[in-house]
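Residue-level structural notes
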Amino acid sequence: KEDDSTGGGSSGDGGKAITLGFSQVGSESGWRSANTTSVKDAAKAAGYNLKFSDAQQKQENQISAIRSYITQGVDVIAFSPVVVTGWDAVLKEAKAKKIPVVLTDRSVETSDDSLYVTLVGSDFTDEGRRAAKILEKVIAKAGLKGPVKIAQLEGTTGAAPAIERAKGFKEVMDADHASDWKVVVSQTGDFTRAGGKQVMAAFLQSNPDINVLFAHNDDMAIGAIQSIEAAGKKPGKDILIVSIDGVKDGFVAMSEGKINAIVECNPLLGPQLMDVVKKVKNGESVERWIKTKEGDFMQDQAAAALPSRKY
Ligand code: AHR
């Protein structure tokens, strides 16, 4: 789905407007919608000519969007890769045409570091670690005794946030909870509400004694809550829930007592991305990874934080 969202104008400094080709993952979650709005708004504010396309979570769509940006000769290409592998060929084509590539939100695995300039986005491994650390607090607060039986709803298989959040969480679990915590079931819910709902229903059938859910995003947690309630259990009490993102709907569920804690992952990357794109276009050097700053929230902070949530 291609949608040239801004017509372009002046760059604001008298030069020709920058043409930016942006390939978005899809529209799988509240986080993603907020990210898309942020990118479009920031491009408009910066006076860029933005060529935007939504890949509907398919790598082949992203590759053809990037190819089309190369053919059109855009100034800079930015994209949020749906999965980590399989990009070298198209990135080499961009390099051959001297079009710089900026990654945003998610990273790639590549044999050649020169194929992209920088990544603007979060540290997902650290988000996984933070989720495990905040789960310690949630468990202590709830007074949960006995073995902790965790269900994990993973993000899209092969995507950086799914791989790295699971890794960071496991790191803390192996180091500090090898004897008292266990991930008893783990499966992808593809970062969607429908996926979270469906997979959680299956988890509850196969493992009715689950007492913790770690969801890689709020949307899957919200879907899972529906299945937990349908099974006659209380989310946030019978099953303690920690998720990642911090979208408004996540905060609403948390203020209703249904999610116990949220690790924030900030989608409002547009303004930072536009700054970087300009620097890259002008040949200035930029850091290899421009990390996003984020916070963690316990349930008792939800009601106060909700009105000021920006996404
Ligand atoms: O890459 C960021 C992740 O993608 C978000 O956590 C999730 O909600 C989104 O779909």
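Procedures and definitions
Residues numbered from 1 in each chain as written. Predicted model: local features only at pLDDT ≥ 70, side-chain atom pairs only at ≥ 80, totals over all residues. Pairing = 2+ DSSP bridges. Helix = DSSP H or I, 4+ residues; strand = E, 2+ residues; numbered from the N terminus. Axes fitted to C-alpha atoms, helices over the stretch in contact; angles between N-to-C directions. Contact = placed C-beta atoms within 7 Å. Parallel < 35°, antiparallel > 145°, perpendicular 65-115°, else oblique. Left-handed = near helix turned anticlockwise from the far one by under 90°. Nonpolar A, V, L, I, M, F, W, Y, C, P; charged D, E, K, R; others polar. Near = placed C-beta within 6 Å. pLDDT = per-residue confidence, 0-100.

**Points about the sheet that holds strand E10 (residues 240-245)**
Taken in spatial order, the six strands of this open sheet run E8-E7-E9-E10-E11-E13, and their pairing is mixed. Looking along the sheet, the strands with just one partner apiece sit at the ends: strand E8 (181-188) and strand E13 (296-298). Between one strand axis and the next, the sheet turns through 15° on average, direction left out of account. Sheet topology places strand E7 (residues 148-154) next to strand E9 (residues 212-215); four bridges connect them, and they run parallel. The partner of Gln 152 across the bridge, within E9, is Phe 214. Along the sheet face, helix H6 (residues 193-206) touches E7, E8 and E9 and points at about 150° away from the line of E7.

**Quick look at the packing of H6 against helix H7 (residues 218-230)**
Here H6 crosses H7 at 45°, and the two axes come no closer than 7 Å. Classified by the angle between their axes, H6 and H7 sit oblique to one another. Relative to H7, H6 is oriented so that their crossing is right-handed. Only Asp 219, Met 220, Ala 221, Ile 222, Gly 223, Ala 224, Gln 226, Ser 227 and Ile 228 of H7 make contact with H6, whose side of the interface consists of Arg 193, Ala 194, Gly 195, Gly 196, Lys 197, Met 200, Ala 201 and Leu 204. Taken together, the residues of the contact of H6 with H7 sort by class into nine nonpolar, five polar and three charged.

**A word on the site of the ligand**
Near the ligand you find 13 residues, and of these Ser 29, Trp 31, Pro 161, Phe 191 and Asn 217 are the closest. Mapped by element, the contributors of at least two residues to the shell around the ligand are helix H1 (30-46) and E10. Residues that form the shell around the ligand fall into these classes: five nonpolar, two polar and six charged.

**Points about the confidence of the model for the protein chain**
Confidence in the prediction of the protein chain, expressed as mean pLDDT, is 96, and 95% of residues score 70 or more. Taken element by element, the protein chain is modelled with least confidence in strand E1 (residues 2-3), mean pLDDT 62, and with most confidence in E9, mean pLDDT 99. Across the whole predicted complex the pTM is 0.96, and at the interface the ipTM reaches 0.99.

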